[in-house]
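Summary of structural features
Here is what each chain is made of, one letter per residue.
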Amino acid sequence: MSNVGQQLLSGVFNYSLYIFFFHVRLGALSGLSTTICLQPFDLIKTRVQQGDGSMILQHPRSSVIVNIAYEVIGQQGVRGLWRGTLPSLLRNVPGVAMYMTSLTQLRTLMARSPYFALAKEQSSKVNESVLPSLSSTGNLLAGATTRVAVGFLLNPFSVIKARFESNMYNYPSLSQALLSITRQGPSELFRGFLASSLRDAPYAGLFVVFYEGTKREIAYLFPATSSSHAALIHSMSAASAGAVATLATHPFDVIKTKVQIRTEDRYNGFLRTIGTIWIRRGLRGFFDGASLRLSRKVLSSAIGWVVYESLLMFMHQRWSPLI
C-alpha cells in the first residue's frame, strides 16, 4: 500500500476514533448533569420502596414523600438528600455514556439493513436530528439490547447505589461497601439483575420507539426553524417517551429495589419477592414510588437527550458532516 493510502487509512481510523469518543463524552455529560440534579428523587424513591408498605397504608402517598424528605433533612441536612450521589455517578456517568454511544453505533449498523431501516420518505431530517433512523422494530430491539448489556456490566454499582440510598445500611465509604458486597460472592454483585433486565429492556425499547416516533410527528407538524426549536422538540419527545416507558415498567423497579436491599428470606429471589409484595400490598404495592420515578425519568430524559442531541447537532453543523 502506498504512503498516501496508508495516511488516508490512518486518517479515517483516527477520525472514526474521535467520533466514537465524542459520543462517549456527550453521553457522560448527559449522565453527569441528570444524576447531580435529580439524585434526591432517587433517594426518596428508594426509601419509599424499601419498606413493606406500612407507612404508605397509614398516610397518604404525598405525605409519605414529604415525611421522608423532612426526616432526611432533619438528620443529615439538605446534603442528606444527595446521599448516594457518588455510586450514582459511578453507575450513571459511564452507564449513560456507554448506553448512548452503543445505541447510536448499533442503530447506525442496523440502519444499513433493509429489515430495520426506515423508509426514505419517512426518514427525512425535518426533525433536525442527526441520529440514525430505524423502524419501530429496529428501535425497540436496539434500545432493549443495548440497555440490558450495559445494565449487566454496571449491576454491581446499581446494588451499591440502592444500598447507599437506603437507610438500612451504614457503609462508611464506597470502597467498604464494595468490599462488603464482594465478600458475599459474585451472586451478591448481580443481585436483582433479572428484575433490572425485565425493567430496562422494555423501558429502553419503548423509550426509543416513542421518542423517535413522537419526535418525527412533532417535527412534521411543526418543523424546527432554529436550534432552540429543535431542542424543544427533543425535550418534549423525550419527556413523553420517558413517561410512557416508566409507567409500563415500574413494577419491576419496585421488585429490583426490594431484592437488592432486603435480606429477609421472603425477598430472596424474583418470584418470592413478587409473591411477598402481592400478599402484603396487592397490586398497589407494585407502584410504590411511581410518582418519584416518573418525575425523575421525565426530567432526566428531557435533560439528557436535549444535551446529547443538541451538542451532537452543534458539532455536526459546525465541524463535520460526517459525525
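Up top is the structure these notes are about.
Residues numbered from 1 in each chain as written. Predicted model: local features only at pLDDT ≥ 70, side-chain atom pairs only at ≥ 80, totals over all residues. Heavy atoms only, no water.

Topic: the overall build of the chain
Assigned secondary structure in the chain consists of 11 helices and zero strands. The order of α-helices and β-strands along the chain, N terminus first, is α-α-α-α-α-α-α-α-α-α-α. Buried residues in the chain amount to 48% of all 323 residues. Taking the intrachain contacts of the chain between residues at least 6 apart in sequence as the baseline, contacts between residues at least 24 apart amount to 78%. For the chain, the computed accessible surface area is about 15,600 Å², with 66% contributed by carbon and sulfur atoms. (Helix = DSSP H or I, 4+ residues; strand = E, 2+ residues; numbered from the N terminus. Buried < 20%, exposed > 50% of the residue type's maximum accessible area, 1.4 Å probe, protein only. Contact = heavy atoms within 4.5 Å. Areas by Shrake-Rupley, 256 points an atom, 1.4 Å probe, with all protein chains shown as cover.)

Observations regarding the packing of aromatic side chains
By the definition in use, this model includes 10 aromatic pairs. Arranged with centres 4.9 Å apart and planes meeting at 45°, the rings of Tyr211 and Trp305 form a pair that is tilted. Residue Tyr211 is located in helix H8 (residues 193-221), and its partner Trp305 is located in helix H11 (residues 290-318); the two are separated by 94 residues in the primary sequence. No difference in accessibility class separates Tyr211 from Trp305, as the two residues are buried. A relative accessible area of 7% places Trp305 in the buried class. (Phe/Tyr/Trp six-rings, centres within 6.5 Å; stacked < 30°, edge-to-face > 60°.)

Quick look at the nonpolar core
Counting 21 residues, the largest nonpolar core has Tyr99, Leu103, Phe207, Tyr211, Trp305 and Tyr308 as the members making the most contacts within it. For this core, the secondary structure elements donating two or more residues are helix H4 (85-110), helix H5 (136-165), H8, helix H9 (227-261) and H11. If you tally residues by element for this core, the top one is H8, at five residues. Residue contacts for Trp305: discarding those within four places in its chain leaves Ser30, Tyr99, Met100, Leu103, Leu131, Phe207, Tyr211, Ala238, Ser300 and Ser310. (Core = buried A, V, L, I, M, F, W, Y, C linked by side-chain atoms within 4.5 Å.)

Points about helix H6 (residues 174-183)
Three or more residues of H6 are buried, namely Leu174, Ala177 and Ile181. Angular distribution of buried residues about the axis of H6 spans 60°; they occupy a single face of the element. For H6, exposure combined with an orientation more than 90 degrees from the buried face picks out Ser175 and Arg183. In the core, the buried residues of H6 are packed alongside H4, H5 and helix H7 (186-189). After H6 finishes, the residue Gly185 shows a positive phi value of roughly 105°. (Arc of directions from axis to C-beta.)

Some details on the side chain of Arg293
Within the element layout of this structure, Arg293 appears in helix H11. Among the polar contacts listed, one links the side chain of Arg293 to the backbone oxygen of Thr246, at a separation of 3.1 Å. Apart from residues no more than four positions distant in its own chain, Arg293 is found in contact with Lys45, Arg199, Tyr203, Thr246, Thr249, His250 and Asp253. (Polar contact = N/O pair within 3.5 Å; in protein donor to acceptor, adjacent residues only side chain to side chain.)

Quick notes on the environment of Ser300
Along the chain, Ser300 falls in helix H11. Given a relative accessible area of 11%, Ser300 falls into the buried group. Separated by 270 residues in the primary sequence, Ser300 and Ser30 place their C-alpha atoms 8.7 Å from one another. Not counting chain neighbours up to four residues away, the residues in contact with Ser300 comprise Thr34, Leu38 and Trp305. Separated by 3.2 Å, the side chain of Ser300 and the backbone oxygen of Lys297 make a polar contact.

Notes on a nonpolar patch on the surface
On the surface, Leu29, Leu32, Ile36, Ile73, Val78, Trp82 and Leu311 cluster together into a nonpolar patch covering about 540 Å² of accessible area. Here the nonpolar patch gets three residues from one element, more than from any other, and that element is helix H1 (residues 3-50). (Patch = residues over 30% accessible without salt bridge, like charges linked within 9 Å, V, L, I, M, F, W, Y side chains within 5 Å. Salt bridge = Lys/Arg side-chain N within 4 Å of Asp/Glu carboxyl O.)

A word on the pattern of salt bridges
Two side chains with opposite charge may pair up if their charged atoms get near one another. Summed over the entire model, instances satisfying the criterion amount to 17 salt bridges. Of the charged contacts, one joins Lys215 and Glu309 as a salt bridge, the two residues approaching to 2.8 Å between their closest N and O atoms. Of the two residues, Lys215 sits in helix H8 while Glu309 sits in helix H11, which places them 94 residues apart along the sequence. Within the structure, one salt-bridge network assembled from shared partners comprises Lys45, Arg147, Arg199, Asp200, Asp253 and Arg293.

Observations regarding H9
Taking 1.5 Å per residue as the helical rise, H9 with its 35 residues ought to reach 51 Å, whereas the 44 Å between its terminal C-alpha atoms falls clearly short. Along H9, the helix axis deviates most sharply at Thr249, where the bend reaches about 55°; the proline Pro251 sits within four residues downstream. (Expected span 1.5 Å × (residues − 1). Bend = angle between axes of the 7 residues up to and from the residue.)

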